[in-house]
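Descriptive analysis of the structure
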Amino acid sequence: MTFVNEDFGTSKLADRFGVKGYPAVFVDDVLVACPRDFGYFREEIGKGRYAPWQNADNQARFKADLSHMIDLILAGKKDVVVRENASRSAALSEVATLPKFTLQDLAGKPLTTDQLAGRVVLVEFWATWCPPCRSTLDWLGELKRKYGDNLAILALAVESPEDKIRSVAAGLSPDLRVAITDAPTAGAFGNITSLPTLFLFDRTGKTARVVYGAPPDLHAQVAQVLDSLAN
């Protein structure tokens, strides 16, 4: 038995099962647990099998279920594992248009969907404890300088202390709108189960691209779409 830790942005298994977030657990090539099993945004959304994850009983239940699946595979009973998990899917429906939301940015000013009408919009969900998020936030400042008023960029922080959010924001481009995300907003965007998650919307509000995590070609993916939308 070998343990493999894969990035969901490059995993063939993740692609096959529509995994768009983490954690997702496979035994052999059978999906036995997916993000919704562990709860969503601060575990306020979703009632997964193991949510809330901080609960010791839920962690013990997951360990027992995983051991059971491994034992079955090792006993040559993969068909049983497949059957027991036949209905499991990690696929999440992506939002078709820019959702309605009302937040307050770090300066205390209202931040609403209506303010963005007629503009190309980039929304990134991030956290202070997420190393890839910091590099993408710096890059978003570069995008704003390149596209100017043709592009609105929102950096929406999740699951992070406010003082740390403000500390990170102080080093970012002042042209980025930074706000602390609430559970309803995270839910409106389809529940955020991976960080960073980046959404691009065209001038009509239609979803143009969603990128989960920070794959190696993230900049290229976004630049290609933005060149067609914001110029």
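These notes cover the structure that comes with them. Source: prediction; values computed, not measured. (Residues numbered from 1 in each chain as written. Predicted model: local features only at pLDDT ≥ 70, side-chain atom pairs only at ≥ 80, totals over all residues. Heavy atoms only, no water.)

1. Observations concerning the overall build of the protein
Here is the rule we go by: Comment: elements are numbered from the N terminus, with helices defined as DSSP H or I runs of at least four residues and strands as E runs of at least two. Here's how the labels work: a residue is buried when its accessible area is under 20% of the maximum for its type, exposed when over 50%, partly exposed in between, all with a 1.4 Å probe on protein chains only. It only takes one pair of heavy atoms within 4.5 Å for two residues to be counted as in contact. In short, Shrake-Rupley with a 1.4 Å probe defines the accessible areas, and a residue's cover is counted only from the protein chains shown. In summary, the charge assignment counts Lys and Arg as positive and Asp and Glu as negative, without counting His or the chain termini. To locate a charge, the coordinates of NZ of Lys, CZ of Arg, CG of Asp or CD of Glu are taken.
Looking only at helices and strands, one finds seven helices and nine strands in the protein. Looking at the protein as a whole, 48% of its 231 residues qualify as buried. Taking contacts inside the protein between residues at least 6 apart in sequence as the whole, the part at least 24 apart equals 64%. Split by element, the accessible area of the protein, about 11800 Å² in all, is 51% carbon and sulfur. Across the protein, 26 positive and 28 negative side-chain charges occur, with their mean positions spaced 2 Å apart.

2. A look at the state of the cysteines
The following threshold applies: The rule for a disulfide is simple: a pair of cysteine sulfur atoms within 2.5 Å.
One pass over the full model with this rule turns up one disulfide. In this model, C130 is linked to C133 through a disulfide, with the two sulfur atoms separated by 2.4 Å. Between C130 and C133, the S-S torsion sits near 80°, and that sign places the bridge as right-handed. For C133, a relative accessible area of 0% corresponds to the buried category.

3. Regarding helix α7 (residues 218-229)
An α-helix turns once per 3.6 residues; consequently, residues spaced three or four apart project the same way. Worth spelling out the cut-off: Any helix carries an expected span of 1.5 Å times its number of residues minus one. Working definition: the arc comes from the directions between the helix axis and the C-beta atoms, pointing outward to the latter.
For α7, built from twelve residues, the straight-helix expectation of 16 Å at 1.5 Å per residue is met to within 8% by its first-to-last C-alpha distance of 17 Å. Of all the residues in α7, the buried ones are L218, Q221, V222, V225, L226 and L229. Projected onto a plane normal to the axis of α7, the buried residues spread over an arc of 115° and lie on a single side. Away from the buried face of α7 by more than 90 degrees, exposed residues Q224 and S228 are located. Contact partners of the buried residues in α7: β5 (120-126), α4 (131-147), β6 (151-157), β8 (197-201) and β9 (207-212).

4. Details of the sheet that holds β8
The condition that has to hold: By definition, two strands form a pair when at least two bridges between them are found by DSSP. A fitted line through C-alpha atoms represents every axis, and for helices the fit uses only the stretch in contact; the resulting angles, taken between N-to-C directions, go from 0 to 180 degrees.
Strand order in the open sheet formed by five strands is β7-β6-β5-β8-β9, with mixed pairing between adjacent strands. The outermost strands of the open sheet, each flanked by one partner alone, are β7 (177-180) and β9. Across the sheet, the mean angle separating the axes of adjacent strands is 15° when strand polarity is ignored. Sheet topology places β5 next to β8; five bridges connect them, and they run antiparallel. Looking at β8, one finds that L122 is bridged to L200. Its contacts with the sheet place α7 against β5, β6, β8 and β9, and it is angled at close to 170° to β9.

5. Comments concerning the side chain of T197
Among the secondary structure elements, T197 is positioned in strand β8. Here T197 is in contact with V123, E124, F125, I192, V210, V211 and Y212, once residues within four sequence places are set aside.

6. Points about the layout of surface pockets
Cut-off, in case you're wondering: Grid points spaced at 1 Å and placed over the protein atoms alone form the basis of the search, with a cavity being a set where a 1.4 Å probe fits but cannot get out and a pocket an open set showing protein on both sides within 12 Å along at least five of seven lines. Lining residues have an atom within 4 Å of a point. Grid points are joined across faces, edges and corners, and a volume is the space filled by probe spheres set on the points. Side-chain classes are defined by residue name, with Ala, Val, Leu, Ile, Met, Phe, Trp, Tyr, Cys and Pro counting as nonpolar, Asp, Glu, Lys and Arg as charged, and the others, Gly among them, as polar. Residue ranges assigned to the domains are those given by an automatic or database domain assignment.
If you add up the space inside the largest pocket, you get close to 930 Å³. Taken together, 33 residues form the lining of the largest pocket, with V4, N5, E6, A24 and V25 sitting closest to its centre. Listed by contribution, the elements that provide at least two residues to the lining of the largest pocket are α1 (12-17), β1 (25-27), α2 (56-74) and α4. When its residues are assigned to classes, the lining of the largest pocket shows 24 nonpolar, five polar and four charged. A domain split of the lining of the largest pocket shows at least three residues from each of domain 1 (12-93) and domain 2 (102-230).

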